[in-house]
Amino acid sequence: MGVGGWGSGPLMTLGCLSAILGLLSTLQPVELSPHPPPPPIRTPAAAQGRALWALLLATLGTTASQPLGGDSVCTARPLAKYSITFTGKWSQTAFPKQYPLFRPPAQWSSLLGAAHSSDYSMWRENQYASNGLRDFAERGEAWALMKEIEAAGEKLQSVHEVFSAPAVPSGMGHTSSEFEVHARHSLVSFVVRIVPSPDWFVGIDSLDLCDGNRWREQVTVDLFPHDAGTDSGFTFSSPNFATIPQDTVTEITSSSPSHPANSFYYPRLKALPPIARVTLVRLRQSPRAFVPPAIDLGGRGNEIGDSLSVPETPLDCVRELGAKTRTRYVRVQPANQGAPCPELAEEAECVPDNCV
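Residues numbered from 1 in each chain as written. Predicted model: local features only at pLDDT ≥ 70, side-chain atom pairs only at ≥ 80, totals over all residues. Heavy atoms only, no water.

1. Notes on the pattern of salt bridges
To keep things clear, this is the line we draw: When a carboxyl oxygen of Asp or Glu is within 4 Å of a side-chain nitrogen of Lys or Arg, the pair counts as a salt bridge. For each residue, the accessible area found with a 1.4 Å probe, counting protein chains only, is set against the maximum for its type, and the residue is called buried under 20%, exposed over 50%, and partly exposed in between. A helix here means a DSSP run of H or I that spans at least four residues, while a strand means a run of E at least two residues long, and both kinds are numbered starting from the N terminus.
Under the counting rule described, the total for this entry stands at 10 salt bridges. One salt bridge in this structure joins Arg214 and Asp211, with 3.0 Å as the shortest N-O distance. On the basis of relative accessibility, which here comes to 34%, the residue Asp211 falls in the partly exposed class. Asp222 is the partner of Arg277 in a salt bridge, and the nearest nitrogen-oxygen pair spans 2.7 Å. Of this pair, Arg277 sits in strand S13 (residues 276-283) while Asp222 sits in strand S10 (residues 218-223), and the two are 55 residues apart along the sequence. Each of Arg134, Asp135, Glu138, Arg139 and Glu141 takes part in a single network of salt bridges with overlapping partners.

Here you go:
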């Protein structure tokens, strides 16, 4: 049976089983005797019984090999590489209520994701968040969540790769990364924390990048805020207020939680606009071409001329210099002829250590 037939396979199998069991029930039982049995008599009825038993066993074996829960089987090429681009759409225009402007301003945490099989779940709506997801959603700490992902990969062989992307320092912005999926690990999940927030995040849960015998070329998903169910704060800047007992992961909507103080409470809207978007694009893997080193045909063999420049510093100190920046925010605007604040952003070159 081809991949396209999985959807009706279980129903057809149950029908075959009923027919086979019905035929088997019409066979007469054999009376056992204490004496050694005579040589078997190959009658048409006996041959029919053996054929039906063989068909029953084969049907049961086929049923056991089918995926459970309606999961499809991926038969695409073993490996595929994807780019993932997270786009924040959290603007003051789209979400004016209590929009965070400072301490800290609206921003996104780093992205943490995994390519995995159906045996693993990073998070799921209407289920309880793990300790790792709680730490990530409340404080942006990824260590425990990464340990959970690694443990699932080692114990169940259910995680193929873990990937991450840098944080976005404002509500509107982009961040991206790359990852690899396998035919047996064709699902992708990730989370990004909403900063600031009590325990709110966005992400996708077990998105299948395989479509039967081929990989999807591009997938775009609009993202909406979710509550991890571990903190009962209503606003972006709410103090820590643990939810006891812990609640399940739920989507935050324009009317839920139904409380006027909630930062996403817009009762006149039927639905919230997307607060973020993610785009996954399959990357074409082309063989790397060998580039031979450039040869100076005008040189003089292995001779070294005196005109070659000598580095002024040791070779271990020849490096590209980076830049360091720091930013401040205005807490109180100047008034009554007060002096304006100095420059809010500063930038300077990094000075390498241990260089002569």
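2. As for the sheet that holds strand S5 (residues 172-182)
Across a sheet, strands are paired by hydrogen bonds formed along the backbone, either parallel or antiparallel in direction. Note the threshold: Any two strands with at least two DSSP bridges between them are considered paired. To obtain each axis, a line is fitted to C-alpha atoms, and for helices this fit is confined to the stretch in contact; angles are then taken between N-to-C directions over 0 to 180 degrees.
The strand order S5-S1-S13-S10 describes an open sheet built from four strands, whose pairing is antiparallel. Each end of this open sheet is capped by a strand with a single partner; those strands are S5 and S10. Going across the sheet, the axis of each strand differs from the next one's by a mean of 15°, ignoring polarity.

3. Some words on helix H4 (residues 143-156)
Convention followed: Expected helix span is taken as 1.5 Å per residue step, with the number of steps being one fewer than the number of residues. This arc corresponds to the set of directions leading from the helix axis out to the C-beta atoms. Whether two residues touch is decided by their heavy atoms; if any such pair falls within 4.5 Å, the residues are in contact.
Between its first and last C-alpha, H4 extends 20 Å over 14 residues, near the 20 Å set by a 1.5 Å rise per residue. Of all the positions in H4, only Leu145, Ile149, Ala152 and Gly153 are classed as buried. The buried side chains of H4 occupy one side of the element, clustering within an arc of 100° when seen end-on. Of the residues in H4, the exposed ones pointing more than 90 degrees away from the buried face are Trp143, Glu154 and Lys155. Each element contacted by the buried residues of H4 is listed here: strand S3 (111-116), helix H3 (131-139), strand S4 (159-165) and strand S6 (187-195). Backbone geometry just after H4 places Gln157 at a positive phi near 55°.

4. As for the nonpolar core
What counts, and what does not: For the purposes of this section, nonpolar cores are sets of buried Ala, Val, Leu, Ile, Met, Phe, Trp, Tyr and Cys residues that join through side-chain atoms within 4.5 Å.
With 41 residues, the main nonpolar core has Phe86, Trp108, Phe179, Leu209 and Leu280 as its most contacted residues. Mapped by element, the contributors of at least two residues to this core are strand S1 (79-89), S3, S4, S5, S6, strand S7 (200-208), S10 and S13. Leu133, Leu145, Ile149 and Val249 belong to the second largest nonpolar core, which has 17 residues in total.

5. Here we look at the packing of aromatic side chains
Formally: Two rings from Phe, Tyr or Trp (for Trp, the six-membered ring) form a pair when their centres sit within 6.5 Å of each other. Planes less than 30 degrees apart are called stacked, planes more than 60 degrees apart edge-to-face, and all others tilted.
Going through the model one piece at a time under the given rule, you end up with 11 aromatic pairs. Considering the side-chain rings of Phe86 and Trp108, the 5.2 Å spacing of their centres and the 75° angle between planes classify their relative orientation as edge-to-face. Of the two residues, Phe86 is situated in strand S1 and Trp108 in strand S2 (residues 107-108); the sequence distance between them amounts to 22 residues. Just as Phe86 is buried, Trp108 falls in that class too.

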